[in-house]
Amino acid sequence: MRIGELARLTESTPRLLRYYEEQGLITPRREANGYRDYDDYLVDRVLQIRGLLDAGLPTRIIKQILPCLGTPRAIHFADATLEMLDTLECEAERMTRRIQCLTRNRDAIKEYLSVVSELAVPPAGAGSELPA
């Protein structure tokens, strides 16, 4: 698929996809005319990258862990350093705190919507007649 199609399917921009390519996060094939040709699996990969970026991971870390994310049972890091492992542990803890915060906020919004929705709905029979 072309870059515009991948951008549409992932709600990204072609510029962002080119940036991911520059960072080594995705690798399209090149056609004879130089156009990029993206495999279908890259739709999920781009969504995964965006999710990791939204979670706060920098592209340098994402690049290192992407090979492990497609097949979690085959994880092996030949060049894993103690610093990298510590960084990933910190990122995982930070994500857990963020998830907890987001969950609390979501639950509070749902509760608010529930209360407001009950107050906004007129009781049965009330307000159903039009004024004369």
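Up top you'll find the structure we're talking about.
Quick caveat: nothing in here was measured; it's all calculated off a predicted structure.

### A short note on the overall build of the chain
Piece 1. A tally of helices and strands in the chain yields five helices and two strands.
Piece 2. Each helix and strand of the chain, ordered N terminal to C terminal, gives the series α-α-β-β-α-α-α.
Piece 3. The buried share of the chain, taken over its 132 residues, is 21%.
Piece 4. The contacts of the chain with a sequence gap of at least 6 include a subset with a gap of at least 24, amounting to 51%.
Piece 5. Here the chain displays about 9800 Å² of accessible surface, and carbon together with sulfur accounts for 56% of that area.

### Examining the pattern of salt bridges
Piece 1. If you walk through the whole model with that rule in mind, you get eight salt bridges.
Piece 2. Counted as one network, the salt bridges with shared partners bring together E21, R30 and R36.

### What to know about the nonpolar core
Piece 1. If you look at the biggest cluster of nonpolar residues, it comprises 18 residues, and the most contacted ones within it are L6, L17, Y20, I26, I49 and I62.
Piece 2. Elements with a contribution of two residues or more to this core: helix 1 (3-10), helix 2 (14-22), helix 3 (41-54) and helix 4 (59-69).
Piece 3. Per element, the largest residue contribution to this core is five residues, and it comes from helix 3.
Piece 4. In this view, I49 contacts Y20, L25, I26, I62 and L66; residues no more than four positions away in its chain are not counted.

### Regarding a negative patch on the surface
Piece 1. A cluster of like negative charges, contributed by E83, D86, E89 and E93, occupies part of the molecular surface.
Piece 2. For D86, the position within the fold is in helix 5 (residues 82-120).
Piece 3. Classification of D86 as partly exposed rests on a relative accessible area of 47%.

### Digging into the packing of helix 3 against helix 4
Piece 1. At a closest axis distance of 11 Å, the pairing of helix 3 and helix 4 adopts a crossing angle of 135°. On the basis of their axis angle, the class for helix 3 and helix 4 is oblique. Considering only the axes of helix 3 and helix 4, their crossing is right-handed. Residues R45, Q48, I49, L52 and L53 of helix 3 pack against T59, I62, L66 and L69 of helix 4.
Piece 2. A breakdown of the residues in the contact of helix 3 with helix 4 according to their chemical character gives six nonpolar, two polar and one charged.

### Looking at the packing of helix 1 against helix 3
Piece 1. Contact pair helix 1 / helix 3: the axes reach a minimum separation of 10 Å and the direction vectors enclose 55°. By the criterion of interaxial angle, the relationship of helix 1 to helix 3 is oblique. Here helix 1 runs over helix 3; the crossing is right-handed. Here helix 1 contributes L6, L9 and T10 to the contact with helix 3, which in turn contributes L42, V43, V46, L47 and R50.
Piece 2. Residues of the contact of helix 1 with helix 3, tallied by class, amount to six nonpolar, one polar and one charged.

Cut-offs used in this document
- Residues numbered from 1 in each chain as written.
- Predicted model: local features only at pLDDT ≥ 70, side-chain atom pairs only at ≥ 80, totals over all residues.
- Heavy atoms only, no water.
- Helix = DSSP H or I, 4+ residues; strand = E, 2+ residues; numbered from the N terminus.
- Buried < 20%, exposed > 50% of the residue type's maximum accessible area, 1.4 Å probe, protein only.
- Contact = heavy atoms within 4.5 Å.
- Areas by Shrake-Rupley, 256 points an atom, 1.4 Å probe, with all protein chains shown as cover.
- Salt bridge = Lys/Arg side-chain N within 4 Å of Asp/Glu carboxyl O.
- Core = buried A, V, L, I, M, F, W, Y, C linked by side-chain atoms within 4.5 Å.
- Patch = residues over 30% accessible without salt bridge, like charges linked within 9 Å, V, L, I, M, F, W, Y side chains within 5 Å.
- Lys, Arg positive; Asp, Glu negative; His and termini not counted.
- Charge placed at Lys NZ, Arg CZ, Asp CG, Glu CD.
- Axes fitted to C-alpha atoms, helices over the stretch in contact; angles between N-to-C directions.
- Parallel < 35°, antiparallel > 145°, perpendicular 65-115°, else oblique.
- Left-handed = near helix turned anticlockwise from the far one by under 90°.
- Nonpolar A, V, L, I, M, F, W, Y, C, P; charged D, E, K, R; others polar.

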